[in-house]
Amino acid sequence: MLAVKGLKANVGGKEILRGLDFSVGPGEVHAIMGPNGSGKSTFAHVLSGREGYEVTAGSATFEGQDLLALEPEERAQLGLFLAFQYPVELPGVNNTYFLKAALNSILKARGQPELDAVSFLRLIKEKLKILHLDDSLLKRAVNAGFSGGEKKRNEIFQMALLEPKLAILDETDSGLDIDALRVVADGVNALRSPERSMIVVTHYQRLLDYIQPDHVHVLSKGRIIRSGGKELALELEEKGYGWIDAEGQAA
Amino acid sequence: MNGVISNGFESWLAAPPGQLAGAGLDWLDDQRRVARERVREQGVPTSKTEDWRYTSLKGLLEQNFAQVDEAITALQPDDLEDILIPGLDSHRVVLVNGRYAPELSVLGDLPKGVRLGGLRTLLDADPDALRDRLNRIAGDRQPLFLALNTAGLDDGFVALFDRAAILERPIELIHLSVGMDEPRVAQPRHLVVLGDGAQATLIERYVSLGESLYCTNSVLEIALGRDAVLQHDRIQMESANAFHLTGLYLSQDTNSRYRGVNIGLGARWARTELVTRFRGEQAECDLQGLYLAGDRQLMDYHLDVAHSVPRCTSRENFKGILYGKGRAVFDGLVAVARDAQKSDAAMSNRNLMLSESAEVDTKPQLEINADDVKCSHGTTVGRIEPEMLFYLRSRGISAPLARRMLCLGFAGEIIQTLSAEALREHVSERVGQRLESAPLN
Ligand SMILES: Nc1ncnc2c1ncn2[C@@H]1O[C@H](COP(=O)(O)OP(=O)(O)OP(=O)(O)O)[C@@H](O)[C@H]1O
Ligand SMILES: [Mg+2]
């Protein structure tokens, strides 16, 4: 589904991704962990096509297409979704209008009929329930004045609505209280399917207790330095990153 | 300013065939005569004239606008079909090329104490009702375009509310321009007087049939009595080839409330002057504005708000979206007199630039001579935030639609201050259409 090979990328003239190899198969859940500033969000942004990142080497294919050649909206239309580490506030842009524009843009790009107002509202009510979100959020501007937790839940709510093939969750757990974490994790788990894959970026084991990953990777200084099963996350929780770094250097 | 006799506006001053409204009324003839003299003594403003520093009259002077000399009577109510706003239920007054068109107007049932209609009609029927009101708020030392309007004062719209009169439905003033064989200038004169405690909503619209070249120079005087409340939505959607000038002169008595929402979408060259005078304490004046300046279009706003008495509140909140070689001017002055303690004023002008070649001159000024006041001003000139654009695009929304959504989001703050949902929808839709045809850079 996703194959990244030897990916290098610069931000502001500085090399942040330094030869990254990574692949995800259908239905798989991959966790990416790693110290602050190691390039996790950069990787997520490069995959979703944010401007300002210069790819200097390597490739990324998604569903057989050259991902890096596509516009951000084309990637989303293909089925890629990024839940932002820092969701953006859009003052004045009504949430319902936004969600409808997003869903219909994707449906249209796929040659499927757009939803009318009634079926859209029905769908949206259903998804709101899954994330225990209040429908008053629909009347407000996108993320504007939302609490940290509401923003994160709103990201997963959008994911539930847009039903991507590959979702990248960038620290969706940070800023969530314990109950909200549970709700979000349940929401994510409800979306798991043999076709839908996920990349879960997190610093904490706790999220991975709920969303059990098939693979865990450690990203450090722009490279994957260790991959393993879910037990790797437990080991990291216990020993920190220094341990792998030291091992990596020794090797 | 050198006493030029012929100043380029002679054709605007030429006496039209037939008589001007109320000819023979001494007070009115005098006002027109004084105004003619004012025009002649002023000469044409140049780039050295303070109020015209950023705005050139060259394009306007190149046109030889003749006065509108005949009423257009061929229009049928059906011709208004594309102009009416679905779902807007109003007392409708229609002017065509500056003249009251009773056959197109639907005044509806009016409560006691409310008079609505054409200025000329009222001047014929009851000149005394206008004698102490017309041309009073605008004052004596009239600037050029106000003086031109007064010199040719002939027809327009009048609304007179007695004490405590309240109108539930809005008054909709439709100023319709229809192209003629040669370019014409229409100079309607409007008067709105709300007695003590009266309340009304006025929707003032400038629209055209076709994209013809013409000029509108309208003047509106508004007097609000004690405790009077007026919501005033002004929607300028003139033809893309038109010149539009409008001056609003507002006088507010104690505890009156005025909210004006100025939407400027049309005309190739548009100048709006808003002048507010507080006559009594605790009055509130809220001026909101939204303008779109597209390629080679000019939107020019001049605000002059004088806090001359204590404890009044004013808000000046203008937002602009500019693209192509669009230009805008925001020149806002809030002056607080020495005795006007506890004045509260906040002025803001924010601009969203969609192109490199668009330009805005923004000059908010506070002149504060009292010490116990709360006054602020701020301006911004910015672009669409890349991370906002990326957020939308990452959800599958195309870049052009994403830009439009962000622009409408920016404009929404002003649009939502309009009085009716039907109107808000109408304006949002037009703003969206304009942006849709806008080049992306
Ligand atoms: N626009 C930019 N200009 C310069 N440096 C940048 C820019 N954006 C990111 N960086 C740098 O790139 C590095 C990687 O940042 P990134 O956000 O990808 O880290 P991260 O692994 O997601 O960290 P965290 O766990 O704190 O979220 C950091 O050193 C950051 O300062
Ligand atoms: Mg990060």
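Residues numbered from 1 in each chain as written. Chains lettered and ligands numbered in written order. Predicted model: local features only at pLDDT ≥ 70, side-chain atom pairs only at ≥ 80, totals over all residues. Heavy atoms only, no water.

> So what exactly am I meant to see when it comes to the overall build of chain A here?
Of the regular secondary structure elements, chain A holds 10 helices and 10 strands. For a compact globule of 251 residues, the expected C-alpha radius of gyration is about 18 Å, and chain A comes in at 18 Å, within 12% of that figure. Summarising its shape, the C-alpha atoms of chain A cover approximately 60 × 40 × 35 Å along the three principal directions. Residue burial in chain A is summarised as follows: out of 251 residues, 51% are buried. Contacts spanning at least 24 positions in sequence make up 67% of the contacts within chain A whose residues lie at least 6 apart. Carbon and sulfur atoms make up 49% of the accessible area of chain A, which amounts to about 11,000 Å² in all. Positive and negative side-chain charges in chain A, numbering 29 and 34 respectively, have mean positions lying 2 Å apart. (Helix = DSSP H or I, 4+ residues; strand = E, 2+ residues; numbered from the N terminus. Rg over C-alpha atoms; globule rule 2.2 N^0.38 Å. Buried < 20%, exposed > 50% of the residue type's maximum accessible area, 1.4 Å probe, protein only. Contact = heavy atoms within 4.5 Å. Areas by Shrake-Rupley, 256 points an atom, 1.4 Å probe, with all protein chains shown as cover. Lys, Arg positive; Asp, Glu negative; His and termini not counted. Charge placed at Lys NZ, Arg CZ, Asp CG, Glu CD.)

> Can you walk me through the interface of chain A and chain B in this structure?
Buried accessible area, meaning the area lost when the parts come together, often serves as the stated size of an interface. Residue-level contacts link 33 residues of chain A with 16 residues of chain B. Of the roughly 1,900 Å² buried at the junction of chain A and chain B (both faces included), carbon and sulfur atoms supply 67%. For R393 of chain B, the salt bridge is made with E71 of chain A, and the minimal N-O distance between the two is 2.6 Å. Scanning the region where chain A abuts chain B turns up 10 residue pairs in polar contact (both at pLDDT 80 or more). Of all the secondary structure elements, the ones that give two or more residues to the side of chain A that touches chain B are α1 (40-48), α2 (72-78), β6 (80-83), α3 (95-109) and α6 (148-162) of chain A. (Buried area = accessible area lost by both parts, 1.4 Å probe. Salt bridge = Lys/Arg side-chain N within 4 Å of Asp/Glu carboxyl O. Polar contact = N/O pair within 3.5 Å; in protein donor to acceptor, adjacent residues only side chain to side chain.)

> Please explain the coordination of the magnesium ion (ligand 2) as it appears in this structure.
Tetrahedral metal sites with four donors have an ideal angle of 109.5 degrees; octahedral sites with six donors have ideal angles of 90 or 180 degrees. Protein ligation of the magnesium ion (ligand 2) involves S41 of chain A (OG) and Q85 of chain A (OE1), the donor distances falling in the range 2.0 to 2.1 Å. Of this pair, S41 of chain A sits in helix α1 while Q85 of chain A sits in the loop between β6 and α3, and the two are 44 residues apart along the sequence. (Donors = N, O, S within 2.8 Å, 3.2 Å for Na, K, Ca; no water.)

> Looking at this model, I keep getting lost on the site of ligand 1. Mind explaining?
Residue and element names in this part refer to chain A. As a matter of local geometry, ligand 1 sits amid 14 residues, with G37, K40, S41, T42 and H203 nearest to it. In the environment of ligand 1, an oxygen atom lies 2.9 Å from a nitrogen or oxygen atom belonging to the side chain of H203. Those elements that provide at least two residues to the shell around ligand 1 are β2 (14-24) and α1. With 3 residues, α1 is the largest single contributor of residues to the shell around ligand 1. Taken together, the residues that form the shell around ligand 1 break down as 3 nonpolar, 8 polar and 3 charged. (Near = heavy atom within 4 Å. Nonpolar A, V, L, I, M, F, W, Y, C, P; charged D, E, K, R; others polar.)

> Can you help me understand the packing of helix α4 (residues 117-130) of chain A against α6 of chain A in this one?
To describe two helices that pack against each other, one gives the angle between their axes and the distance between the axes. Residue and element names in this part refer to chain A. The N-to-C vectors of α4 and α6 enclose an angle of 130 degrees; their axes lie 10 Å apart at closest approach. With respect to α6, the element α4 is oriented oblique. For α4 against α6, the interelement crossing comes out right-handed. Taking contact as the criterion, the partners of F120, L123, I124, K127 and L128 in α4 are, on α6, F157, A160 and L161. Looking at the contact of α4 with α6, its residues break down into 7 nonpolar, no polar and 1 charged. (Axes fitted to C-alpha atoms, helices over the stretch in contact; angles between N-to-C directions. Parallel < 35°, antiparallel > 145°, perpendicular 65-115°, else oblique. Left-handed = near helix turned anticlockwise from the far one by under 90°.)

> Explain the sheet that holds strand β9 (residues 199-209) of chain B here, please?
Residue and element names in this part refer to chain B. A sheet is described by the order of its strands in space; here 10 strands give the open sequence β3-β2-β6-β9-β11-β13-β15-β17-β19-β21, paired in mixed fashion. Looking at strand neighbours, the two that pair on one side only are β3 (99-100) and β21 (374-382), the edges of this open sheet. Of the pairings in the sheet, the one linking strand β17 (residues 313-322) to strand β19 (residues 344-353) comprises 10 bridges and is parallel in character. The residue of β19 that forms the bridge with T313 is D344. On the sheet, helix α9 (residues 421-436) packs against β9, β11 (229-236), β13 (257-264), β15 (284-293) and β17 and is oriented at approximately 30 degrees with respect to β15. (Pairing = 2+ DSSP bridges.)

> Teacher, can you tell me more about the sheet that holds strand β1 (residues 2-11) of chain A here?
What holds strands together in a sheet is hydrogen bonding between their backbones, with the strands either parallel or antiparallel. Residues and elements named next belong to chain A. If you walk across this open sheet you meet the 4 strands as β2-β1-β4-β5, and the pairing is antiparallel. What marks the edges here is a single partner per strand, and that holds for β2 and β5 (65-66). Bridge count for β1 against β2 is 8 bridges, and the pairing is antiparallel. Considered in β2, the bridge of A9 is made with L17. Relative to the sheet, α1 contacts β1, β2 and β4 (53-62), its axis offset from that of β1 by approximately 110 degrees.

> Would you explain the packing of aromatic side chains in this entry?
The way to describe two aromatic rings as a pair is by their centre distance and the angle between their planes. By the definition in use, this model includes 14 aromatic pairs over all chains. Here F98 of chain A and Y391 of chain B contribute two aromatic rings whose centre-to-centre distance is 6.0 Å and whose plane-to-plane angle is 20 degrees, an arrangement assigned as stacked. With one member in each of two chains, F98 of chain A in helix α3 and Y391 of chain B in helix α7 (residues 386-393) form a pair that bridges those chains. Each member of the pair, F98 of chain A together with Y391 of chain B, is buried. Measuring from ring centre to ring centre gives 5.4 Å for F9 of chain B and F145 of chain B, while their planes differ by 85 degrees; the resulting arrangement is edge-to-face. Separated by 136 residues along the polypeptide, F9 of chain B in the segment before α1 (10-13) and F145 of chain B in helix α6 (residues 144-151) bring together distant segments of the chain. By relative accessible area, which is 8% here, F145 of chain B ends up buried. Following the ring pairs from residue to residue traces out a cluster consisting of F9, W12, W52, F65, F145, F243 and W269 of chain B. (Phe/Tyr/Trp six-rings, centres within 6.5 Å; stacked < 30°, edge-to-face > 60°.)

Any functional reading would require information beyond the geometric quantities listed.
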